[in-house]
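# Descriptive structure summary
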Amino acid sequence: MHMLTKAPKGTRDILPDEIYKWYFVEEKFRQICHQFGYHEIRIPVFEHTELFQRGVGETTDIVQKEMYTFDDKGGRSITLRPEGTAGVVRSYIENGMASWPQPVKLFYDIAVYRYENVQKGRYREFHQFGVELFGAADPSADVEVISMLHLFFNRLGIKSLALNLNSIGCPTCRAAYNERLKAYLRPKLERLCSTCKDRYERNPMRIIDCKEESCRSELVDAPALLDYICEDCSRHFEKVKEKLSAMGIVYSIDKGIVRGLDYYTRTVFEFVSDTIGSQGTVCGGGRYDGLIEACGGKPTPGIGFGLGIERLLLQMDSQGIVIPQPDPPDVFIGVIGDRAEQFSESLALKLRTAGITCHKDIMGRSVKAQMKYANKLNARFAVILGDSEVESGKVELKNMVTGEGRDIHIDTLMDRLLKSRQGAV
RNA sequence: GUGGGUGUAGCUCAGUUGGUUAGAGCGCCAGAUUGUGGCUCUGGAGGCCAUGGGUUCGAAUCCCAUCAUUCACCCCA
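Structure report, in brief. The model shown is predicted, which means the values in this text are computed figures rather than measured ones.

### Some remarks on the overall build of chain A
When helices and strands are tallied, chain A shows 15 helices and 16 strands. Radius of gyration (C-alpha) of chain A: 28 Å, far over the 22 Å computed for a compact globule of 425 residues. For chain A, the spread of C-alpha atoms along the three principal axes comes to 95 × 55 × 45 Å. Here chain A holds 425 residues, and 48% of them are scored as buried. Of the contacts formed within chain A by residues at least 6 apart in sequence, a portion of 70% connects residues at least 24 apart. Accessible surface computed for chain A: about 21700 Å², of which carbon and sulfur atoms make up 51%. The centroid of the 57 positive side-chain charges in chain A is displaced by 2 Å from the centroid of its 58 negative side-chain charges.

See below:
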């Protein structure tokens, strides 16, 4: 197939026969956000490249090799957003949200862009729900965010996502840990892979995450960050766990969660599926108490998550969750002849004005073809308008499910259609 | 960036040891006597057999390359 008629790698069309699923989860997400006090923010698709370099982190894969970056005609370096947090943080600072009533709770529903090789559940353009909560340092904030996700998944009927939890400490205890880790690794340094040698200086913590067999074997008794976090961080984490348990939210500790973004602090978490392929992380999030300051704002605690919509839908599909399909059209108006054509156009407008979903023939087809079309549309009723109907004012209102027809006066059509929605035909 | 699988109609797929004009089902359009859908029947449209080379008298079929797609590694949502 030619390039001209082929969507770029990693992108896809969401067609009408699928879009109702998107509407459904989007609506559920909006609902729950409003219930938890979040307001929607819409941010640009692109930002200055420096924002992501700073806000996501220079050592991350996202910044090092996955960004869609280009120079605009004014010579500025621009990048398509690879995630939502950085843009929202920028907006928080730019719009002086520090002087809004605290905490500031925002949510978004966006497309994001990463140059990666595609596979199941991974695309170059994909979609995320996300929230960002600014100004609340207390463990209550962590727990509220997680409980919101818990409720969201429950409402969608999703049962089998595992919640994994970790704490990656604060800059202070992490620095101490990094020294400890480096001391552990120093004699083994030569046997680590090349990326890990690089990480050793820049971000040793991420070596823990390396999947290379050679590195893994060197790491078997490496110190785990969670065992070395400072007293404050530890107390914070204990509170989070305690509160989750009190709310009956089941979790497990995964000391391996490091998060790909540099500015995460303390609580990090994931909701993971084992039924949607090897890319099972449906939602990932955590606390980023250093990020706002790093981006030029006043020191402000923050916490949030990103939730992959494609993966969410994959998960629902893998569980056999049926999303309700949109209501079929109320009525199809078939037309024969010029006089009826005029009449039917006015009638259709009148019905539509009253909120009735009404389709009519605009192809000039035979009655038979029009009825076939009405059937494909799944219309609940059909009427045919010809000269005799226009003259007499009587039409046959045909129930397309039962096949029964009944003669009615055209002036009562609207009323009957409205009533039929309540089950009375 | 690295591996494996797959490329034939809008979709799902047949296509024999290489042998005339490449098929089916679904979908689309039209018809089966007057102005009525679903079931059935008939007909029609729709293919550079991914692309480019090669082998051969002859290639959808065999070989090579490229591209696309898909799964996986890595990483992440």
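From this point, things continue past the structure.
### Quick look at unusual backbone geometry
The omega angle of the peptide bond from Q102 to P103 is 0 degrees, so this bond is cis rather than trans. The backbone of R266 sits at a positive phi, close to 50 degrees, despite the residue not being glycine. Positionally, R266 belongs in strand β9 (residues 265-272). Note on R266: relative accessible area 17%, which makes it buried. One non-glycine residue, N378, lies in positive phi territory at about 70 degrees. With respect to the element layout, N378 can be found in the loop between α13 (367-377) and β14 (381-385).

### Some details on the packing of aromatic side chains
All told, the structure shown has 13 aromatic pairs when counted by the stated rule. Ring centres of F29 and F107 lie 5.8 Å apart, and the angle between their planes is 80 degrees; this geometry places the pair in the edge-to-face category. With F29 in helix α1 (residues 16-35) and F107 in strand β5 (residues 104-113), the pair connects residues that are 78 residues apart, well separated along the chain. Like F107, F29 is buried. Between F332 and Y373, the ring centres sit 5.9 Å apart and the planes meet at 80 degrees, which makes this aromatic pair edge-to-face. Linking F332 in strand β12 (residues 331-335) with Y373 in helix α13, this pair joins segments that are 41 residues apart in sequence. Overall, the relative accessible area of 0% leaves F332 in the buried class. Of the residues examined, Y373 reaches a relative accessible area of 33% and is grouped as partly exposed.

### What about a positive patch on the surface?
On the surface, R365, K368, K372 and K376 cluster together to form a positively charged patch. Inspection of the secondary structure puts K368 in helix α13. By relative accessible area, K368 is classed as exposed at 61%.

Definitions and cut-offs
In this convention, every chain numbers its residues from 1, walking through the sequence in written order. Here every chain gets a letter starting at A, and every ligand a number starting at 1, in the order they are written. In keeping with the predicted nature of the model, local features appear solely for residues at pLDDT of at least 70, side-chain atom pairs appear and are counted solely at 80 or more, and the whole-chain, interface and lining totals rest on all residues. Side-chain numbers come from the whole structure's heavy atoms, not from hydrogens or water. In DSSP terms, a helix is any run of H or I states spanning at least four residues, a strand is any run of E spanning at least two, and both are numbered starting from the N terminus. Atoms considered for the radius of gyration are the C-alpha atoms alone. The globule rule reads 2.2 Å times the number of residues to the power 0.38. The cut-offs for exposure are 20% and 50% of the maximum accessible area for each residue type, with area from a 1.4 Å probe on protein chains only; residues under the lower value are buried, those over the upper are exposed, and the others partly exposed. Contacts are assigned to residue pairs that have any heavy atoms within 4.5 Å of one another. Areas reported as accessible are Shrake-Rupley estimates using a 1.4 Å probe. Residue values count occlusion only from the protein chains shown. Only four residue types enter the charge count: Lys and Arg as positive, Asp and Glu as negative, with His and the chain ends excluded. Charge positions are represented by NZ for Lys, CZ for Arg, CG for Asp and CD for Glu. Any two of the Phe, Tyr and Trp rings considered here, Trp counted by its six-membered ring, make a pair once their centres fall within 6.5 Å; the pair's planes then place it as stacked at under 30 degrees, edge-to-face at over 60, or tilted in between. Here the term patch refers to residues with relative accessible area over 30% and no salt bridge, with like charges joined within 9 Å and nonpolar side chains (Val, Leu, Ile, Met, Phe, Trp, Tyr) within 5 Å. Basic side-chain nitrogens of Lys or Arg form a salt bridge, by our definition, when they fall within 4 Å of a carboxyl oxygen of Asp or Glu.

Read these as spatial facts, not as claims about activity.
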